[in-house]
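Overview (structure and organization)
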Amino acid sequence: MSAEVADALAEGRAVVALESTLLSHGLPPGRNLDVATRLERTVRDAGAVPATVAVLDGQALVGLSPAQLERVCAEGPELDKLSLRDVGPAVALGRSGATTVAATAALADAAGIAVFATGGLGGVHLPPPGAAVTWDVSADLGVLARVGTLVVCSGVKSVLDIPATLEVLETHSVPVLGYRTDEFPAFYRRSSGLPVPGRADDPAQVAAVLTAHRQLADSGLLLANPIPEEYEMDGALHDRLLAEGLELLRTRGVTGSDVTPVLLEHFHTASGGVSLDANEALVVANARLGAEVAVELRP
């Protein structure tokens, strides 16, 4: 942990974990550093300490210095994309990488951080063309099943099988709360059309639910915060980009962990910047909400 994060935790101050894969793989160079700086400032303005997570030169870091944050966002060869299964090998072999939701949630929990804010959660992928089923299920869901972190996100991307994702979360006893909504959000869109099992209307309610849940179970909690209304992507544009993206995956034979980066890149390049603005707006909103909940959790 950075000295700032360690001191904040020791003193019982609010801390919010932030992931680094969003920065190194989800946003273009230049803008990613601006967003990284904005996220940390947003957390601070809401009364909490930001703890961006990454692995650099074989060291798992919870809380980055400005120079380390610049390195994560630097143009050039991308850092490895590290899910939880990849962190041990990266540490042992002295490699560097950006942490996904799964890796960030686990490292935050190991450091004693209860709240983690991100963009979108991974989930169950749709079967590839010609197949009836898929075994492609994000490690994010498995980690949430056994790590007691509150994950603040804007639901999951619409390319995923959202009903199946919600079923897996239910199977693993992960509560799902809609923040001021009764419908589960779908990242660029405020609603997937599916109901959420629970609802919270202010940070204090979320903190109360997390506190009660952690007394009864080891699993995490998902807080689904819809993208700010003014940044929601137009439905027709979203559907066109999604159809094009799915066809791109099919023609290129893209599978596994490469699916989301390829889709995001298509959305970014084909939307004229609309998806980039939406992505930034939703993750900043989630960081602010995460900090507000973390403040309510302080003893």
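Only a predicted model underlies this, so the values are computations on that prediction, with no experimental measurement involved.

To continue, consider unusual backbone geometry. One non-glycine residue with positive phi stands out, namely Asp57, at about 55°. Relative to the helices and strands, Asp57 is located in the loop between strand 2 (49-56) and strand 3 (59-62). Its relative accessible area of 52% is what places Asp57 among the exposed residues. Of note, Ser173 is a non-glycine position whose phi angle comes to about 60°, a positive value. Structurally, Ser173 is set in the loop between helix 8 (162-171) and strand 8 (176-179). Residue classification places Ser173 among the partly exposed positions, given a relative accessible area of 46%.

With that out of the way, let us pick up the packing of helix 9 (residues 203-214) against helix 12 (residues 274-297). In a packed pair of helices, the relevant descriptors are the angle between the two axes and the axis-to-axis distance. Helix 12 packs onto helix 9 with a crossing angle of 60° between their chain directions and a minimal axis gap of 8 Å. Of the two possible hands of crossing, helix 9 and helix 12 adopt the one that is right-handed. Within the contact between the two elements, helix 9 uses Pro203, Ala204, Val206, Ala207, Leu210 and Thr211 and helix 12 uses Leu289, Glu292, Val293, Glu296 and Leu297. For the contact of helix 9 with helix 12, a count of residues per class yields 8 nonpolar, 1 polar and 2 charged.

Moving on to the pattern of salt bridges. Tallied over the full model, the rule gives 14 salt bridges. For Glu11, the salt bridge goes to Arg13, with nearest N and O atoms at 2.8 Å. Exposure remark for Arg13: the relative accessible area of 36% places this residue in the partly exposed category. A salt bridge links Asp80 to Arg95; the nearest nitrogen and oxygen atoms lie 3.2 Å apart. One end of the pair, Asp80, is in strand 4 (residues 80-82); the other, Arg95, is in the loop between helix 5 (84-92) and strand 5 (97-99), and 15 residues separate them in sequence. When salt bridges with common partners are traced through the structure, they connect Arg31, Arg38, Asp277 and Glu280 into a single cluster.

Turning our eyes to something else, we now look at the packing of aromatic side chains. Going through the model one piece at a time under the given rule, you end up with 2 aromatic pairs. Note on Phe187 and Tyr188: the rings are 4.7 Å apart at their centroids and 70° apart in plane angle, and the pair reads as edge-to-face. Tyr188 sits in the buried class, given a relative accessible area of 4%. Aromatic pair Tyr188 and Phe267: ring centres 5.2 Å apart, planes at 20°, arrangement stacked. In this pair, Tyr188 sits in the loop between strand 8 and strand 9 (198-200) while Phe267 sits in helix 11 (residues 259-270), placing the two residues 79 residues apart along the sequence. If you follow Lys157 out to its NZ or CZ, it ends over the ring of Phe187, 4.4 Å from the centre.

Cut-offs and rules
- Residues numbered from 1 in each chain as written.
- Predicted model: local features only at pLDDT ≥ 70, side-chain atom pairs only at ≥ 80, totals over all residues.
- Heavy atoms only, no water.
- Helix = DSSP H or I, 4+ residues; strand = E, 2+ residues; numbered from the N terminus.
- Buried < 20%, exposed > 50% of the residue type's maximum accessible area, 1.4 Å probe, protein only.
- Axes fitted to C-alpha atoms, helices over the stretch in contact; angles between N-to-C directions.
- Left-handed = near helix turned anticlockwise from the far one by under 90°.
- Contact = heavy atoms within 4.5 Å.
- Nonpolar A, V, L, I, M, F, W, Y, C, P; charged D, E, K, R; others polar.
- Salt bridge = Lys/Arg side-chain N within 4 Å of Asp/Glu carboxyl O.
- Phe/Tyr/Trp six-rings, centres within 6.5 Å; stacked < 30°, edge-to-face > 60°.
- Lys NZ or Arg CZ within 6 Å of the ring centre and 35° of its normal.

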